[in-house]
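So you can see what is in the structure, the chains are spelled out below.
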Amino acid sequence: MAKPVLISGIQPTGPLHFGNYLGALKNFVALQNSGKYRCYFFVADLHALTENPSAKDLEKNILSLASDFLAAGLDPKKSIIFQQSQIEELQELKWVLSTLTPVSELMRMTAFKEKVLQAIKPIDGEKISKKRFEEIVEEANFGLAEYPILMTADILIFGGQYVPVGHDQLQHLEFARTLVRKFNYKFGQTFVEPKELLTATPRVMSLDDPTKKMSKSRPGGCLFINDSPELIGKKIRIAVTDSGSDIKYDPQNKAAISNLLMIYSELSGLTISEIEAEFAGKGYADFKKELADVVIEYFEPFRARRAKLKSAAVKKILMDGSKKAHEIAKKKMLAIKKKIGLVL
Ligand code: ADP
Ligand code: TRP
């Protein structure tokens, strides 16, 4: 029997932080190497356009993200690694899917609301009235609203069954499943409902505020996977901690140290209780120093591999992967068009 299809993408919107790595990229590599799936991983450059980057930044970020993919261990011999914008059929499928989507469903998406609000940079805790929110929505670019439809198209055009993502993408996957059901009901069984695959750390929290998720939109709280060893040491040293001094996993009462413990555990391979035992009777400063060492050592091979990558070689890998993905998408789109009555 053919192996199930697994697919995921990341937007090239700037350097990857530990949330992106522990919630997504590290898992991409493990899933690829498990040999259990036919894997597709892509640079979601069309999604990144919703942030209106300059052409120069977008180009740089596409190459940088593809380099991160490769340095982290994604391998073009095992996975199809490609650039989303090379797959023209996505536009066609997105259009078809958009005709099955009520506008109100798009307006309800949490990610949409957050992105729209981000544009006006509200102060933490500031209340926005319903009327003001409606005004802001009217100004938002339409791509932000269509975002989940394009994401659904990404998954369905390759027959994606499993989608490794972080916690913040769950609502988008629920949306995708709803669309699959609608499509299949109207046109007959065509797509399978995609399922998310979460890691043990689907929501890494910010270093400067453990009540918020680590996110590119709040760079102050991010540890980036390309940060230098010195900067990693410094950021961990000044990361906020909780009251008390025990190194104990207790997300309710000790959110900051619990977040750091999860990072330690994921990168060292030790369990939380093993780490707690190691630091019994020691304080935050000792723990942070060790954590910085663990992080710096863990990313040593990543930094070495990344430094050796040449941009021409990275581009070629993306182009070759995109060609393969495009061939598959073309066939699938033709089959979809037949189903919906567009092929005479
Ligand atoms: P950001 O929210 O920083 O802009 P992206 O939307 O580009 O990040 O996310 C890329 C991948 O990383 C997605 O699968 C997303 O769910 C995951 N991810 C993002 N932030 C976190 C986090 N703090 N913890 C775990 N996973 C995350
Ligand atoms: N929306 C995802 C994010 O913000 C990126 C993405 C686009 C994606 N298309 C996808 C993820 C398809 C999984 C599958 O991170």
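Predicted, not measured: the structure shown is a model, and the values here were computed from it. (Residues numbered from 1 in each chain as written. Chains lettered and ligands numbered in written order. Predicted model: local features only at pLDDT ≥ 70, side-chain atom pairs only at ≥ 80, totals over all residues. Heavy atoms only, no water.)

(A) Quick peek at the site of ligand 2. Taken together, 13 residues lie near ligand 2, and Gln 11, Tyr 147, Met 151, Asp 154 and Gln 169 sit nearest. The contact in question runs from an oxygen atom of ligand 2 to an N or O atom on the side chain of Gln 11, over 3.2 Å. At a separation of 2.7 Å, a nitrogen atom of ligand 2 approaches a polar side-chain atom of Tyr 147. In isolation ligand 2 has 370 Å² of accessible area, and contact with the protein removes 91% of it. Contributions of two or more residues to the shell around ligand 2 are made by strand 1 (5-10) and helix 8 (142-157). The element that contributes the greatest number of residues to the shell around ligand 2 is helix 8, accounting for 4 residues. (Near = heavy atom within 4 Å. Polar contact = N/O pair within 3.5 Å; in protein donor to acceptor, adjacent residues only side chain to side chain. Areas by Shrake-Rupley, 256 points an atom, 1.4 Å probe, with all protein chains shown as cover. Helix = DSSP H or I, 4+ residues; strand = E, 2+ residues; numbered from the N terminus.)

(B) Fine view of the domain arrangement of the protein chain. The assigned domain composition of the protein chain is domain 1 (5-203 + 311-340) and domain 2 (219-302). Across the contact, 12 residues belong to domain 1 and 13 residues belong to domain 2. Across the domain 1/domain 2 interface, buried area totals approximately 1300 Å², and carbon plus sulfur atoms make up 72% of it. Our enumeration of links across domain 1 and domain 2 arrives at 1 salt bridge. The salt bridge partner of Glu 266 is Lys 26, with a shortest N-O separation of 3.2 Å. Summed over the shared surface of domain 1 and domain 2, the number is 5 residue pairs in polar contact (both at pLDDT 80 or more). Listing elements by their share of the side of domain 1 that touches domain 2, those giving two or more residues are helix 1 (18-34) and helix 3 (55-72). If you tally residues by element for the side of domain 1 that touches domain 2, the top one is helix 1, at 4 residues. Its residues assigned to classes, the side of domain 1 that touches domain 2 shows 8 nonpolar, 2 polar and 2 charged. (Domains from an automatic or database assignment. Contact = heavy atoms within 4.5 Å. Buried area = accessible area lost by both parts, 1.4 Å probe. Salt bridge = Lys/Arg side-chain N within 4 Å of Asp/Glu carboxyl O. Nonpolar A, V, L, I, M, F, W, Y, C, P; charged D, E, K, R; others polar.)

(C) Up close: the site of ligand 1. With respect to spatial proximity, 19 residues lie near ligand 1, and among them His 17, Gly 166, Asp 168, Val 204 and Lys 216 are the closest. In this structure, an oxygen atom belonging to ligand 1 sits 2.6 Å away from a side-chain N or O atom of His 17. Between Lys 213 and ligand 1, the recorded distance is 2.9 Å, taken from a side-chain N or O atom to an oxygen atom. Within the complex, the protein chains bury 93% of what would otherwise be the 540 Å² of accessible surface of ligand 1. The dominant element in the shell around ligand 1, judged by the number of residues it contributes, is helix 1, at 4 residues.

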